[in-house]
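The residues making up each chain are set out below.
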Amino acid sequence: MKKGSLFQFISRLFQLSLFLSWQLALSQTPHIDSLVNLLNAMNEDTFKINTLNALCNEYIIELNNLEKATNCADQQLKLSQKIKYKKGIAEGLLNYGTIYLNRGDFGMALSYQKKALDIMKELQSKKGESDCYLNLGWSYSVQGDYDEALEYLFLAVQLKKTINDKKGIADAYNYIGNSNKNMGNYAKGLNYNFQALKIREEINDVRGISKSYSNIGLILKRQGKYDEALYNYDKASNLKEKINDRKGKASVYNNIGDIYFARNRYDESVNFYMKS
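Residues numbered from 1 in each chain as written. Predicted model: local features only at pLDDT ≥ 70, side-chain atom pairs only at ≥ 80, totals over all residues. Heavy atoms only, no water.

Looking at the overall build of the protein chain
In step 1: Looking only at helices and strands, the protein chain features 13 helices and zero strands.
In step 2: The linear arrangement of helices and strands in the protein chain, starting from the amino end, is α-α-α-α-α-α-α-α-α-α-α-α-α.
In step 3: Across the 276 residues in the protein chain, those meeting the buried criterion constitute 48%.
In step 4: Of the roughly 14,500 Å² that the protein chain leaves accessible, carbon and sulfur atoms contribute 51%. (Helix = DSSP H or I, 4+ residues; strand = E, 2+ residues; numbered from the N terminus. Buried < 20%, exposed > 50% of the residue type's maximum accessible area, 1.4 Å probe, protein only. Areas by Shrake-Rupley, 256 points an atom, 1.4 Å probe, with all protein chains shown as cover.)

The structure is reproduced here in structure tokens:
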């Protein structure tokens, strides 16, 4: 191996070790600001873009820090455009869509998501295209346009099945279940959430499993099946404790508080409200 090639190989191994260390740290602690410094050791290539994409998703999904998520998305998109990396551009646009969705700007969210979809179709990326359908479905669901939401979500399921993206299928079922719940179709809502739960258990997606139990508990609570709801909330709470999902655990405690309040057990209700 030539000296230059050997240096590039060692450099890439070093970058990979940094990335893996960074990913491990993300799974262990929510305090990730210092890890951004690792990006400075990376070349301006697709590896750095993929790292920015992962970091952006972490800020959005786990920490709900939209300011830092936006900063990552900005860097991701600019670098992708600079080196003409279309997949990175599409993923950056998709991240912008999620950021605007979380800000309540549905028009901008849909605009960015549809631009990302066009690029993913051009690239013939089934994974990317199905992710766009998933995001569009959730955006329409949040807006209350459930018919449009379900159309996109079923497109996501159909495409994800062709590539055996089990996590993606489970996420789609999760959104379909929640859309049905919001429409008052509780039986369908439970059915799809149980399907999501089954897949998540098969792939050992602990965070996803905790979300499924929480979603099932919420539907059962709305049906007035409080004992069954509490059973599922207890499952969700234990898992969220295990993965240090404080935000998710707070939501579970709030819902448990609602149940005790509905049962006129006010002391226990206040206790869980305080915990949340």
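Re the pattern of salt bridges
In step 1: If you walk through the whole model with that rule in mind, you get 14 salt bridges.
In step 2: Across the salt bridge formed by Glu44 and Lys82, the nearest N and O atoms sit 2.8 Å from each other. With Glu44 in the loop between helix H1 (3–28) and helix H2 (46–63) and Lys82 in helix H3 (residues 66–82), this residue pair connects regions lying 38 residues apart in the sequence.
In step 3: The partly exposed category is assigned to Glu44, whose relative accessible area is 47%.
In step 4: Given a relative accessible area of 58%, Lys82 falls into the exposed group. (Salt bridge = Lys/Arg side-chain N within 4 Å of Asp/Glu carboxyl O.)

Some details on the packing of aromatic side chains
Each aromatic ring pair is summarised here by two numbers: the centre-to-centre distance and the angle between the ring planes.
In step 1: Tallied over the full model, the rule gives ten aromatic pairs.
In step 2: With a centroid separation of 4.6 Å and 20 degrees between ring planes, the pair formed by Trp138 and Tyr175 is classed as stacked. Here the residue Trp138 occupies a position in helix H6 (residues 126–143), and Tyr175 occupies one in helix H8 (residues 166–182), the gap between them amounting to 37 residues.
In step 3: With a relative accessible area of 27%, Trp138 lands in the partly exposed category. (Phe/Tyr/Trp six-rings, centres within 6.5 Å; stacked < 30°, edge-to-face > 60°.)

Let's talk about the environment of Leu38
In step 1: By secondary structure assignment, the location of Leu38 is in the loop between H1 and H2.
In step 2: Under the relative-accessibility criterion, Leu38 is labelled partly exposed at 23%.
In step 3: Sequence separation between Leu38 and Lys48 is ten residues, and the spatial gap between their C-alpha atoms is 9.9 Å.

Description of the side chain of Ser237
In step 1: Residue placement: Ser237 occurs in helix H11 (residues 226–242).
In step 2: Judged by relative accessible area, Ser237 falls into the buried class, the value being 9%.

Examining the packing of helix H4 (residues 86–102) against H6
In step 1: Running from N to C, H4 and H6 cross one another at 15 degrees; their axes reach a closest spacing of 11 Å. The orientation of H4 with respect to H6, classified from their angle, is roughly parallel. For the crossing formed where H4 meets H6, the hand is left-handed. Along its contact with H4, which presents Leu94, Thr98 and Leu101, the element H6 presents Asp131, Cys132, Asn135, Trp138, Ser139 and Val142.
In step 2: Across the contact of H4 with H6, the residue classes break down as five nonpolar, three polar and one charged. (Axes fitted to C-alpha atoms, helices over the stretch in contact; angles between N-to-C directions. Parallel < 35°, antiparallel > 145°, perpendicular 65-115°, else oblique. Left-handed = near helix turned anticlockwise from the far one by under 90°. Contact = heavy atoms within 4.5 Å. Nonpolar A, V, L, I, M, F, W, Y, C, P; charged D, E, K, R; others polar.)

Description of the confidence of the model for the protein chain
In step 1: In this model, the protein chain carries an average pLDDT of 89, and 87% of its residues clear a pLDDT of 70 or more.
In step 2: The low-confidence segment residues 13–31, where pLDDT is below 50, has 23 contacts with residues more than four positions distant or belonging to other chains. (pLDDT = per-residue confidence, 0-100.)

Quick word on helix H7 (residues 146–162)
In step 1: Over its 17 residues, H7 extends 25 Å from the first C-alpha to the last, a length consistent with the 24 Å expected when each residue adds 1.5 Å.
In step 2: For H7, every residue scored as buried is listed here: Tyr146, Ala149, Leu150, Tyr152, Leu153, Ala156, Val157, Leu159 and Lys160.
In step 3: Considering only its buried residues, H7 is in contact with helix H5 (106–122), H6 and H8.
In step 4: Directly after H7, the chain includes Asn164, whose backbone phi takes a positive value near 55 degrees. (Expected span 1.5 Å × (residues − 1).)

Let's talk about the state of the cysteines
In step 1: This model, assessed by the stated rule, comprises zero disulfides.
In step 2: Cys72 takes part in no disulfide bond, and the closest cysteine sulfur to it belongs to Cys56, at a distance of 5.7 Å.
In step 3: Judged by its relative accessible area of 4%, Cys72 is buried. (Disulfide = S-S within 2.5 Å.)

With respect to H6
Residues spaced three or four apart along an α-helix point in a common direction, a consequence of the helix completing one turn every 3.6 residues.
In step 1: In a regular helix each residue adds 1.5 Å, so 18 residues correspond to 26 Å; H6 covers 26 Å between its end C-alpha atoms and thus fits that length.
In step 2: Burial runs high along H6: 13 of the 18 residues are buried.
In step 3: Positive backbone phi, approximately 90 degrees, marks Gly144, located one or two places after H6.

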